[in-house]
Amino acid sequence: RVTSKTFWHDGTIESIEVTAPTRRRLGSIAVLLSLYPSEESPSRRRFKLSCKDVSQFEITADAMELKDNAGAGNVEDGHVRRVGGQEEVVLRLVRGHLRIRARAIVLKVLRLRS
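Report follows, based on the coordinates. Predicted model only: the values in this text are computed from it and were never measured.

With that settled, consider the sheet that holds strand 6 (residues 96-109). Reading across from one edge, 1-2-3-6-5-4 is the order of the six strands in this open sheet, with antiparallel pairing throughout. Because the sheet does not close on itself, it has two edges, and the strands there are strand 1 (12-19) and strand 4 (75-83). Each neighbouring strand pair of the sheet contributes to a mean axis angle of 35°, computed without reference to strand direction. Across seven bridges, strand 5 (residues 86-93) lies against strand 6 in antiparallel orientation. Its bridge partner lying in strand 6, Leu93 is registered against Gly96.

Right under this line is the structure:
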């Protein structure tokens, strides 16, 4: 699960994959990110933010700003909260934001490639 201790600052977005809803089910969104595991960490690790049964989402971004800040970090901050019976994640990006409301939101660290 995503916790209040998740350190979003200076992270970078690698990819966003949206699976559209169908007539029978809600869709999902997967966001690959590179984040510092903690404020003291010297380097980023890859994480996957999985959002299941998405009811709402919005993405507003300036692609040139995301590109220009990819090295330093194009994620300024983020938070997750409960809204009704759902979870909502909001990532504040350099000149934009990503907001997803879903039944379940999970953040997992990806294994290092060997």
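Moving on from the model shown.
Bringing the side chain of Glu88 into the picture now. With respect to the secondary-structure elements, Glu88 resides in strand 5. On the accessibility criterion, Glu88 (3% relative accessible area) is buried. Side chain to side chain, Glu88 and Arg99 meet in a polar contact 2.9 Å long. At a separation of 2.9 Å, a polar atom in the side chain of Glu88 contacts the side chain of Arg101. Among all residues touching Glu88, those that are not within four sequence positions of it are His79, Val80, Arg81, Val83, Arg99, Ile100, Arg101 and Ile105.

What follows deals with a nonpolar patch on the surface. Taken together, Ile16, Val18, Phe57 and Ile59 make up a surface patch of nonpolar side chains, about 320 Å² in accessible area. Of all elements in the fold, only strand 1 and strand 3 (45-60) reach the threshold of two or more residues within the nonpolar patch. Within the element layout of this structure, Phe57 appears in strand 3.

In this structure, Trp8, Leu33, Leu49, Cys51 and Ile100 are the most contacted members of the largest nonpolar core, which totals 20 residues. Secondary structure elements with two or more residues in this core: strand 2 (27-35), strand 3, strand 5 and strand 6. For this core, the element with the highest residue contribution is strand 6, accounting for five residues. Residues in contact with Leu33, not counting those within four places in the same chain, are Trp8, Thr12, Ile13, Glu14, Arg45, Arg46, Phe47, Leu49, Val75 and Leu91.

Here is what the cut-offs are and how they apply
Residues numbered from 1 in each chain as written. Predicted model: local features only at pLDDT ≥ 70, side-chain atom pairs only at ≥ 80, totals over all residues. Heavy atoms only, no water. Pairing = 2+ DSSP bridges. Helix = DSSP H or I, 4+ residues; strand = E, 2+ residues; numbered from the N terminus. Axes fitted to C-alpha atoms, helices over the stretch in contact; angles between N-to-C directions. Buried < 20%, exposed > 50% of the residue type's maximum accessible area, 1.4 Å probe, protein only. Polar contact = N/O pair within 3.5 Å; in protein donor to acceptor, adjacent residues only side chain to side chain. Contact = heavy atoms within 4.5 Å. Patch = residues over 30% accessible without salt bridge, like charges linked within 9 Å, V, L, I, M, F, W, Y side chains within 5 Å. Areas by Shrake-Rupley, 256 points an atom, 1.4 Å probe, with all protein chains shown as cover. Salt bridge = Lys/Arg side-chain N within 4 Å of Asp/Glu carboxyl O. Core = buried A, V, L, I, M, F, W, Y, C linked by side-chain atoms within 4.5 Å.

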